[in-house]
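Listed here are the chains, written in short residue letters.
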Amino acid sequence: MALRSVTLPQDCGEEAFRRVARSCLAHRLHPDEVIFDSSGTGSLFEPAEPRDVPAILMPRRFVDLASNVVCHSAEDRFALLYRLLWRIHGGERHVLDRAADPDVQRAQQYAKAVERDIYRMHAFTRFRERVIEGRPMFVAWFEPQHRVLQKAAQFFVDRFTNMDWMIATPSGTAAWQDNLLHFGPPVARPPKEDDAVLDEVWQTYYRITFNPARLRVNAMLAQMPKRHWPTMPETSSVPELVRTARNRVGDMERSAPDRPPRFAGVLAERRLGAAREVPAPWDALKEAAHACKHCPLHAAATQMVFGEGPLDASIVFVGEQPGDQEDLQGRPFVGPAGQVFDRALAQAGIDRGTAYVTNAVKHFKFEPRGKRRIHQKPGTVEVTACRQWLQGELDVIKPKLIVSLGATAALSLAGRAVPVTKERGSIQTWGGRMVLVTIHPSYLLRLPDPDVAAAEYDRFVADLQRAKLWCEGAK
Ligand code: URA
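None of the values given here were measured: they were computed from a predicted structure.

Cut-offs and rules
Residues numbered from 1 in each chain as written. Predicted model: local features only at pLDDT ≥ 70, side-chain atom pairs only at ≥ 80, totals over all residues. Heavy atoms only, no water. Near = heavy atom within 4 Å. Polar contact = N/O pair within 3.5 Å; in protein donor to acceptor, adjacent residues only side chain to side chain. Areas by Shrake-Rupley, 256 points an atom, 1.4 Å probe, with all protein chains shown as cover. Nonpolar A, V, L, I, M, F, W, Y, C, P; charged D, E, K, R; others polar. Pairing = 2+ DSSP bridges. Helix = DSSP H or I, 4+ residues; strand = E, 2+ residues; numbered from the N terminus. Axes fitted to C-alpha atoms, helices over the stretch in contact; angles between N-to-C directions. Contact = heavy atoms within 4.5 Å. Buried < 20%, exposed > 50% of the residue type's maximum accessible area, 1.4 Å probe, protein only. Salt bridge = Lys/Arg side-chain N within 4 Å of Asp/Glu carboxyl O. Core = buried A, V, L, I, M, F, W, Y, C linked by side-chain atoms within 4.5 Å. Disulfide = S-S within 2.5 Å. Parallel < 35°, antiparallel > 145°, perpendicular 65-115°, else oblique. Left-handed = near helix turned anticlockwise from the far one by under 90°.

Chemist: Is there a simple way to explain the site of the ligand in this structure?
Modeler: The immediate surroundings of the ligand are formed by G319, E320, Q321, P322, G323, E326, P332, F333, N359 and H440. Here a nitrogen atom of the ligand and a backbone polar atom of Q321 are 3.0 Å apart. H440 is positioned with one of its side-chain polar atoms (N or O) 2.6 Å from an oxygen atom of the ligand. Against a free-state accessible area of 240 Å², the protein chains account for coverage of 92% of the ligand. A per-class count over the shell around the ligand returns three nonpolar, five polar and two charged.

Chemist: Just checking my understanding: could you explain the sheet that holds strand β9 (residues 356-359) for this structure?
Modeler: Pairing between sheet strands relies on hydrogen bonds along the backbone, with the strands arranged either parallel or antiparallel. The strand order across the open sheet built from five strands is β9-β8-β12-β14-β13, with neighbouring strands paired in mixed fashion. The open sheet is flanked by β9 and β13 (427-430), the only strands paired with a single partner. If you compare each strand with its neighbour and ignore which way they point, the axes differ by 30° on average. Here four bridges tie β13 to strand β14 (residues 433-438), and the two strands are oriented antiparallel to one another. By the bridge assignment, I427 is partnered in β14 with L436. Where helix α16 (residues 406-414) meets the sheet, its contacts fall on β8 (315-319), β12 (401-405), β13 and β14, and the angle it forms with β12 comes to roughly 135°.

Chemist: Would you mind going over the pairing of strand β4 (residues 135-141) with me for this structure?
Modeler: Counting buried residues in β4 gives five out of seven residues, a clear majority hidden from the surface. Relative to β4, strand β3 (residues 128-132) is paired through five bridges, and the arrangement is antiparallel. From the neighbouring strand, I132 faces β4, where its bridge partner is R135. Between β3 and β4, which pair antiparallel and follow one another directly, the connecting turn spans two residues, one of which, E133, has a positive phi of 50°. Of the pairings in the sheet, the one linking β4 to strand β5 (residues 165-169) comprises four bridges and is parallel in character. Residue pairing in the sheet places A140 in a bridge with I167 of β5.

Chemist: Would you explain the pattern of salt bridges in this entry?
Modeler: Any two side chains of opposite charge can pair, so long as their charged atoms come close to each other. Taken as a whole, this structure holds 27 salt bridges when the rule is applied. R135 is the partner of D164 in a salt bridge, and the nearest nitrogen-oxygen pair spans 2.6 Å. Separated by 29 residues along the polypeptide, D164 in the loop between α5 (149-159) and β5 and R135 in strand β4 bring together distant segments of the chain. With a relative accessible area of 32%, R135 lands in the partly exposed category. We note a salt bridge from R331 to E308, for which the minimum N-O separation is 2.8 Å. With R331 in the loop between α13 (324-329) and α14 (336-347) and E308 in the loop between α12 (297-300) and β8, the pair connects residues that are 23 residues apart, well separated along the chain. Taking the relative accessible area as the measure of exposure, R331 reaches 37% and is therefore partly exposed. Of the residues examined, E308 reaches a relative accessible area of 26% and is grouped as partly exposed. One salt-bridge network, held together by shared partners, links R83, R87, E92, R98, D101 and D103.

Chemist: For this particular structure, what's the right way to read the nonpolar core?
Modeler: Nonpolar side chains tend to gather and get buried jointly when the protein is soluble and globular. Judged by nonpolar contacts, the single largest core of 63 residues is most densely connected at F17, F36, F62, Y82 and W165. In this structure W165 touches F127, M137, F138, A153, F156, V157, F160, A174, A175, W176 and L181, once residues within four positions along its chain are discounted. Core analysis: the next-biggest nonpolar cluster, separate from the first, contains 56 residues, L345, A409, V418 and L447 among them.

Chemist: Would you take a moment to explain helix α2 (residues 60-69) for this structure?
Modeler: What sets the pattern is the α-helix's 3.6 residues per turn: residues three or four places apart point alike. Most of α2 sits out of view: seven of its 10 residues are buried. Every buried residue of α2 is accounted for by F62, V63, L65, A66, S67, N68 and V69. Close packing links the buried residues of α2 with α1 (14-26), α3 (77-89), α4 (102-124) and α5.

Chemist: Looking at this structure, I do not really get the state of the cysteines. What am I missing?
Modeler: Disulfides are covalent bonds that link the sulfur atoms of two cysteine residues. Evaluation of the coordinates by the stated rule reveals zero disulfides. Its sulfur unpaired, C292 is 5.8 Å from the next cysteine sulfur, which belongs to C386. What makes C292 buried here is its relative accessible area of 10%.

Chemist: For this particular structure, what's the right way to read the sheet that holds β4?
Modeler: One open sheet accounts for five strands, arranged β3-β4-β5-β6-β7; its pairing is mixed. Edge positions in the open sheet fall to β3 and β7 (180-184), since each of these has one partner strand only. Direction aside, neighbouring strands of the sheet carry axes that sit 25° apart on average. Docked against the sheet, α5 engages β5, β6 (172-177) and β7, running at close to 155° with respect to β5.

Chemist: Would you mind going over the packing of α2 against α4 with me for this structure?
Modeler: For any two helices packed against each other, the geometry comes down to the angle between their axes and how far apart the axes lie. For the pair α2 and α4, the least separation of the axes is 8 Å and the interaxial angle reads 60°. On the basis of the axis angle, α2 is oblique to α4. Considering how the two elements wind past one another, α2 and α4 form a crossing that is left-handed. The segment α2 lies against α4, with L65, N68 and V69 engaging A107, Q108, Y110, A111, V114 and E115. Per-class residue counts for the contact of α2 with α4 are six nonpolar, two polar and one charged.

Quick look at the structure:
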């Protein structure tokens, strides 16, 4: 068997690799016949495209995987990718679905390592201000483990569009100047220079955000490997913060805040209420909520999700915030928690069509993770920013009873944190409105023990029945 050597440049990216792989496939070169050599600085050798060969398609999943794997520093990365491509074209169309396949496993490990490296580059690159040829320029030195500079650069363009910057790595540089991104050859590692102002900023930031009660040295080192420490000014504070953590936790316990005085709740309520400026008619209220930019959630969410139901409803249900499905459909409680809610309502004898259903926060708060959007609990800032919309809805509807589903709804309605599991089932007066406190239906979805889940579900239905009976008895 004659071996064909394909020389790829060290910085061979995904497009160049795809071109070469296509040619090799078109020549029917078996993976064992090809040696991909990316060790030198040789130029790209491509077996010429043979004529009369139908175009070779690469499945989307393969292209996505390959775009990360080509950045890995392992020498076998191109051979591995070509072998997978060969298998896909040889009839194993679904090989990438086989997580236990050794080639697939290895390729996924490489892709993950590259993603981690990109994440670290984003998190740990520290710029210093310099004047270069009379112009201010922010420069940084970073040593990634893989060839991730090109993939990582767009993040810095988006973040630091208005300044000129350069990131140098041992394998090349990326520079953003005059609104253009350039990639250049490597430069020598610069000598370590301090920047009194920026270094102080990073150190102060780290000291303030370091929580001694949460100290886990191994997890910290895994997250922030020591090889990146030399270019991160704040790491000089770490040894002392670790050494003094135990004493600081003791200090924190001794100086734990006193219980707030009883009037604090009244003051908080007044403060939250003061922010309210509700536009009068319903449509104006809804329109203003659609345009709301009082907190950052509007930026990433698909849309504002307002409440729905008859405006003369005697009962209003208040949840936390729209989830993934609600954000896409623009309607409250239509996802998995909504299904549990619907079932419990029906069992309690409440027709959802007669009730008004809404949320304390009107935009979906989430953290992107790959293609998924992971729900994030809204904090006091978002609840407070959104409170005027909920209050506006309640002002118009004037329900006999509000059912507060979970802690976030209770925070918004009471203006203070409410221990929901302790107070559930009780009917309280908050800000002049009658409120029944209960759990959020998504809590039922998270209970691992089916017996506990069934018992909790029954208690939830009982809370809803209580709300219904109370409303029927109320004038
Ligand atoms: N959870 C909520 O609190 N509200 C919804 O609309 C959906 C899920």
